[in-house]
Amino acid sequence: MKFAVKALSSGKARAGVVHLGSCPSSIETPCLLLSTRKGLPIFISPDLLSSLPSPDSNLLQFSPLHLEGASSTLVSSGREVSKRCVNIGQEARWGDTTPNFDSSEGPSPKTISSIGGLHQMVGLHEYGFAAVARDSIQCLPECGSTNKTGASFETPCGRRLIKPVEYMEMITSMKPNLWATLADEVPAWANNKRNKTSVDRTVKWLDECIARSPLLLKLVGRGGQNRVRVNPIGFRVVRAGGAVFGSIVGGSNIEERKRCAQEVAVRNVSGYWIGGFGLGESMEERPSLLNAVTDNLPKDWPRMICGLGLPEEVLQGVAAGVDLFDSAYIYHLTIGGFALTFPLDRTEKIDYNYQLSDQGSDRTKINLRATVYRKDATPIVEDCCCYTCQNHTKAYINHLLNVHEMLAQILLEIHNTHHYLGFFRSIREAIKEGCFEQFQKKFVQSRREHLAADVVSV
Amino acid sequence: MALRFEVLGRFNRARAAQLTLPHFACQTPLFMPVGTQGTIKGLTTDQLEEIGCQIILGNTYHLALRPTSELIDELGGLHKFMNWPRALLTDSGGFQMVSLLHLADITEKGVTFQSPVDGKPMLLTPEESIQIQNRIGADIIMALDDVVRTTITGPRIEEAMYRTLRWVDRCIAAHKRPHEQNLFGIVQGGLDPVLRDICVRGLVDRNLPGYAIGGLAGGEDKDSFWRVVAQCTAALPEDKPRYVMGVGYPLDIVVCSALGADMYDCVYPTRTARFGTALVPEGVLKLKHNAMVNDTRPIDPTCACMVCKNYTRAYIHCLVTKDAMGSQLLSYHNLYYMLQLSRNLHSSIVEGRFPEFVCDFLQKMFPKGDVPEWVCNAMDVAGIDISSCCSS
């Protein structure tokens with residue numbers, strides 16, 4: 001992995017470029033990591049992914065916990081059910097009489113390795129994967145059950161405790177382009193003692209994860225992001241299995257945030273993953289907490305964050321100098337039947353006189369379940385060039401939502417992702433033009449004004 | 001009439017043809033995926049085109065409920081509404097009435113039922129069914145028939161058969177767009193050859209653009225099933241398409257094609273995908289099963305679809321029944337399998353190697369040579385020698 005800062009605006013916001021081995025082109029930052037479930041987008045099938053703008057859409061977030069629970073116990077249970085059944089024109093019956101033991105466990109790390117890793121397994125060879133244990137949609141950190149042996153997460157399969165050794169086994173088999181070390185994240189209301197423990201623990205696990213990450217002895221050139229130690233003979237020891245991002249926590253405590261960042265900054269990592277946000281801190285207190293972290297990190301290494309989903313939150317992250325973002329925003333919009341419509345054109349004037357037919361709309365998104373769209377034969381956004389807007393109407397999507405058809409979510413995820421990637425593009429443009437601070441102010445203000453206008457008109 | 005049917009190749013009763021419809025020129029034999037509510041579950045129209053889908057079936061009953069045929073008409077018809085550039089077929093709505101509704105009652109007027117929306121008594125007449133289908137705008141529309149399950153016996157079957165003929169006349173009279181939409185009649189008559197014969201003659205007399213064989217695929221034994229198909233295909237005109245409704249399993253499609261049928265529809269491939277079952281040359285593969293957890297082979301190594309080219313059984317296993325993506329990928333593969341089967345049937349007949357194709361198909365599905373008797377009997381009548389596939 002290579003990263004370089006190309007432009008700065010308003011002091012801290014930076015535009016950069018990240019290059020990952022598997023991606024043919026470099027990706028500009030700040031950028032959005034698309035959310036995945038088990039390595040593939042939640043609704044967009046892999047052949048439709050290419051309809052999204054490239055290379056913006058080539059970076060995917062992935063949680064190893066999605067594939068966790070490989071059924072080592074089930075496989076060795078002694079049930080020999082490897083015979084395939086033969087269709088004789090009916091839904092076939094199995095030869096043996098044991099109950100049909102259905103499972104949906106993920107393939108074991110050994111199997112994933114034999115397939116060749118994550119990229120091979122999900123058929124996305126030219127995409128970049130960032131592996132983080134936490135996934136704001138499905139794998140939420142559960143600090144109450146986290147203890148000194150491992151981090152606890154609430155997952156669809158129940159509560160899971162992951163130890164650094166297990167986590168590293170998954171990372172090693174999956175070979176993501178970059179990965180965050182295992183962290184102990186606590187919500188904003190955790191008490192000081194618990195918070196302090198989380199910092200100590202996270203740093204300890206960082207060291208453990210690094211110690212367990214696979215090493216590769218090879219001849220490499222000088223420089224690059226992986227901090228290499230040159231031994232007298234001239235071989236360099238490099239990290240295989242992806243670039244390490246050191247995790248930084250600290251809750252809502254400025255001092256702890258600073259302490260953690262300083263500790264991690266001296267570690268042998270290629271980037272930083274900022275955890276513990278989006279867990280109850282307020283919009284007001286967030287900027288100072290973010291700055292407490294980024295002010296204490298070297299400028300040349302990339303910073304990734306989890307849990308800042310909404311546009312306003314992303315802007316806060318950018319303002320503090322974060323480069324990579326994952327977001328649950330698109331997922332929640334999609335399953336709610338919402339489509340993003342906020343203007344991406346930065347020169348558009350704020351218009352207070354919108355029609356009352358925009359009822360319920362806050363001009364940032366529309367809810368396609370609303371009956372007002374039943375006969376609307378126009379696309380979601382008039383000049384949007386996403387697959388959905390080029391091929392389908394609001395009326396059709398309204399119908400699909402009404403009859404609970406999966407295609408609705410597929411089309412919405414495509415549009416929302418496309419639109420949000422456009423938002424990130426505007427951010428990058430503003431930074432490169434040196435006017436990010438104004439961009440952020442104007443964006444936040446225009447959204448507030450629409451809400452205010454809403455209140456007045458009702 | 002708004003279609004052209006040109007036979008391009010034959011083997012005994014089997015035929016490969018070009019069926020030119022207003023929206024698309026199709027090659028038969030063909031399988032039609034069922035897009036009940038104006039969409040094939042989880043697939044985009046682009047993907048459907050990509051895998052070679054030629055015609056999609058829409059359910060009149062469901063579409064009339066939501067979003068209503070009037071709305072579809074107002075927005076330019078179902079093709080435009082779904083953005084599907086190829087062909088569409090709508091059924092009459094009759095079957096859903098009978099299969100879905102508790103209190104459906106059939107009289108000479110039509111099918112009376114309780115509206116699922118508000119419980120009001122409603123009536124679907126032949127005229128109303130055709131009007132709805134005229135608004136939806138499919139290339140092929142189906143006459144409202146009085147359909148009875150083949151598992152029923154007695155005078156009801158004869159009553160239904162004659163009523164179907166009377167209703168066809170009312171459908172023809174009500175049809176406002178004969179130059180854009182092709183009205184197919186449906187042969188009924190249960191498992192009784194005499195009744196089936198009367199029905200076929202009656203429909204042929206009406207000189208319709210195409211004919212369907214209805215009332216099958218409902219639980220009757222396979223031996224009766226193929227005999228009815230054989231009888232009907234023998235009696236229906238050579239130069240018009242023959243559509244066996246509700247079929248089905250790949251094996252059934254191969255047999256019916258050998259007997260001279262051209263078109264098929266079934267929810268089976270997509271429905272079974274949602275339960276984690278993949279269609280393969282050997283039969284089916286249950287991806288949910290434990291044995292798949294660490295199986296790194298593709299679903300079907302001989303399949304050229306995107307799913308088989310990129311994914312292992314192990315990965316699909318962890319998706320199925322848990323994630324929407326699992327359903328999507330399996331539906332994609334299963335439909336690809338059915339459409340590839342259609343293409344193989346067409347090309348093997350055109351290229352004069354149909355018997356070889358049938359033998360190969362049966363050998364893969366019954367490697368031990370235990371081809372079911374009904375298949376052997378049917379192939380006998382079809383004039384195809386499958387002795388190399390049978391162990392007995």
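For the structure, see preceding data.
This structure is a prediction, so every number in the text was calculated from the model and none was measured. Residue positions are given per chain, counted from 1 along the sequence in the order it is written. Chains and ligands are labelled by the order in which they are written, letters from A for the one and numbers from 1 for the other. Side-chain atom pairs in this predicted model are given and counted only at pLDDT of 80 or more, local residue features only at pLDDT of at least 70, and totals for whole chains, interfaces and linings cover all residues. As a rule here, side-chain values come from all non-hydrogen atoms in the structure, and water together with hydrogens is ignored.

1. Some points on the overall build of chain B
Inference 1: Per the convention used, a helix needs a DSSP run of H or I reaching at least four residues, while a strand needs a run of E reaching at least two, with both numbered from the N terminus. A count of helices and strands for chain B gives 16 helices and 16 strands.
Inference 2: Radius of gyration here is computed from C-alpha atoms only, and the compact-globule reference equals 2.2 Å multiplied by the residue count raised to the power 0.38. Radius of gyration (C-alpha) of chain B: 21 Å, near the 21 Å computed for a compact globule of 392 residues.
Inference 3: For the C-alpha atoms alone, the extent of chain B along its principal axes is close to 55 × 45 × 40 Å.
Inference 4: Each residue's exposure class comes from its accessible area (1.4 Å probe, protein chains only) as a fraction of the maximum for that residue type: buried when under 20%, exposed when over 50%, partly exposed otherwise. Per-residue burial for chain B yields a buried fraction of 64% across its 392 residues.
Inference 5: A separation of at least 24 residues holds for 66% of the contacts in chain B among residues at least 6 apart in sequence.
Inference 6: For every accessible area listed, the method is Shrake-Rupley and the probe measures 1.4 Å; residues are considered covered only by the protein chains on display. Counting every atom, chain B has about 13,700 Å² of accessible surface; 51% of that belongs to carbon and sulfur. When checking whether two residues touch, look at their non-hydrogen atoms; a contact exists if any pair is within 4.5 Å.

2. Points about the pattern of salt bridges
Inference 1: The rule for a salt bridge is simple: a side-chain nitrogen of Lys or Arg has to be within 4 Å of a carboxyl oxygen of Asp or Glu. With the rule as written, the count across this model stands at 47 salt bridges over all chains.
Inference 2: Asp 184 of chain A is the partner of Arg 201 of chain A in a salt bridge, and the nearest nitrogen-oxygen pair spans 3.0 Å. With Arg 201 of chain A in helix α6 (residues 192-212) and Asp 184 of chain A in the loop between β12 (178-180) and α6, the pair connects residues that are 17 residues apart, well separated along the chain. Neither residue differs from the other here; Arg 201 of chain A and Asp 184 of chain A are each classed as buried.
Inference 3: Ionic pairing is found between Glu 238 of chain B and Arg 10 of chain B, a salt bridge with its closest N-O pair at 2.7 Å.

3. Thoughts on the pairing of strand β2 (residues 14-20) of chain B
Residues and elements named next belong to chain B.
Inference 1: By the criterion of burial, β2 is predominantly enclosed, with 6 of the 7 residues buried.
Inference 2: Pairing between two strands is assigned when DSSP locates at least 2 bridges connecting them. Note that strand β1 (residues 4-11) and β2 share 7 bridges and pair antiparallel. By the bridge assignment for β2, Val 7 is matched with Ala 17.
Inference 3: Two successive antiparallel strands, β1 and β2, enclose a turn made up of 2 residues, where Asn 12 displays a positive phi of approximately 50 degrees.
Inference 4: Note that β2 and strand β3 (residues 25-28) share 4 bridges and pair antiparallel. Within β3, the residue paired with Leu 19 across the bridge is Cys 26.

4. Focus on the packing of aromatic side chains
Residues and elements named next belong to chain A.
Inference 1: In this scheme Phe, Tyr and Trp rings, the latter by its six-membered ring, pair at centre separations within 6.5 Å, and the angle between planes marks the pair as stacked below 30 degrees, edge-to-face above 60, and tilted otherwise. Counted under the stated rule, the structure contains 16 aromatic pairs over all chains.
Inference 2: Put simply, the rings of Phe 325, Tyr 329, Phe 342, Tyr 420, Phe 423, Phe 424, Phe 436, Phe 439 and Phe 443 touch in pairs and so form one group of aromatic residues.
Inference 3: Ring-over charges, as used throughout, are those where CZ of Arg or NZ of Lys falls within 6 Å of the ring centre and within 35 degrees of the ring normal. Over the aromatic face of Phe 338 sits the side chain of Lys 365, whose NZ or CZ is 5.9 Å from the ring centroid.

5. Let's talk about the nonpolar core
Inference 1: Tyr 420 and Phe 423 of chain A together with Ile 299 and Ile 386 of chain B are the most contacted members of the largest nonpolar core, which totals 246 residues.
Inference 2: With 13 residues, the single largest contributor to this core is helix α13 (residues 407-432) of chain A.
Inference 3: The contact partners of Ile 386 of chain B, leaving out residues within four places of it in the chain, are Val 358, Cys 359, Leu 362, Val 371, Val 375, Cys 376 and Met 379 of chain B.
Inference 4: What we call a nonpolar core is a set of buried Ala, Val, Leu, Ile, Met, Phe, Trp, Tyr and Cys residues that are connected through their side-chain atoms within 4.5 Å. Core analysis: the next-biggest nonpolar cluster, separate from the first, contains 21 residues, Cys 26, Val 34, Met 142 and Ala 212 of chain B among them.

6. Structural notes on the sheet that holds strand β10 (residues 151-155) of chain A
All names here are of chain A.
Inference 1: Spatial ordering of the open sheet is given by β9-β10-β11, a layout of 3 strands whose pairing is antiparallel. The open sheet has two edge strands with one neighbour each: β9 (140-141) and β11 (158-162).
Inference 2: Sheet topology places β10 next to β11; 5 bridges connect them, and they run antiparallel. If you follow Phe 153 over to β11, its bridge partner there is Arg 160.

7. Observations regarding the interface of chain B and chain A
Inference 1: On the side of chain A, 62 residues touch chain B, which itself brings 59 residues to the contact.
Inference 2: Approximately 5,300 Å² of surface area, both sides summed, lies buried where chain B meets chain A, with 55% of it carried by carbon and sulfur atoms.
Inference 3: For chain B, the biggest contributors to the area lost against chain A are His 289, Asn 290 and Tyr 315 of chain B; these three give 12% of the whole.
Inference 4: Where chain B packs against chain A, one counts 4 salt bridges.
Inference 5: Across the salt bridge formed by Lys 375 of chain A and Glu 74 of chain B, the nearest N and O atoms sit 3.1 Å from each other.
Inference 6: A 3.5 Å cut-off defines polar contacts: any pair of N or O atoms within that distance qualifies, except that in protein one atom must be a possible hydrogen donor and the other a possible acceptor, and neighbouring residues in sequence count only when both atoms are side-chain atoms. Between the two partners, chain B and chain A, sit 19 residue pairs in polar contact (both at pLDDT 80 or more).
Inference 7: At the level of elements, α1 (45-50), α3 (69-74), α4 (78-82), α11 (268-274), β16 (283-286), α12 (306-310), α13 (313-319) and α14 (324-350) of chain B are the ones that each hand at least two residues to the side of chain B that touches chain A.
Inference 8: Three classes are used, and their members are as follows: Ala, Val, Leu, Ile, Met, Phe, Trp, Tyr, Cys and Pro are nonpolar, Asp, Glu, Lys and Arg are charged, and the others, Gly among them, are polar. For the side of chain B that touches chain A, the class distribution of residues is 26 nonpolar, 22 polar and 11 charged. Accessible-area loss on putting two parts together, using a 1.4 Å probe and summing over both, is the definition of buried area adopted here.

8. Structural notes on the state of the cysteines
All names here are of chain B.
Inference 1: Here, the term disulfide refers to a pair of cysteine sulfur atoms separated by no more than 2.5 Å. If you walk through the whole model with that rule in mind, you get 0 disulfides over all chains.
Inference 2: We note that Cys 53 lacks a disulfide partner, and the nearest cysteine sulfur, in Cys 26, lies 9.1 Å from it.
Inference 3: On the basis of relative accessibility, which here comes to 0%, the residue Cys 53 falls in the buried class.

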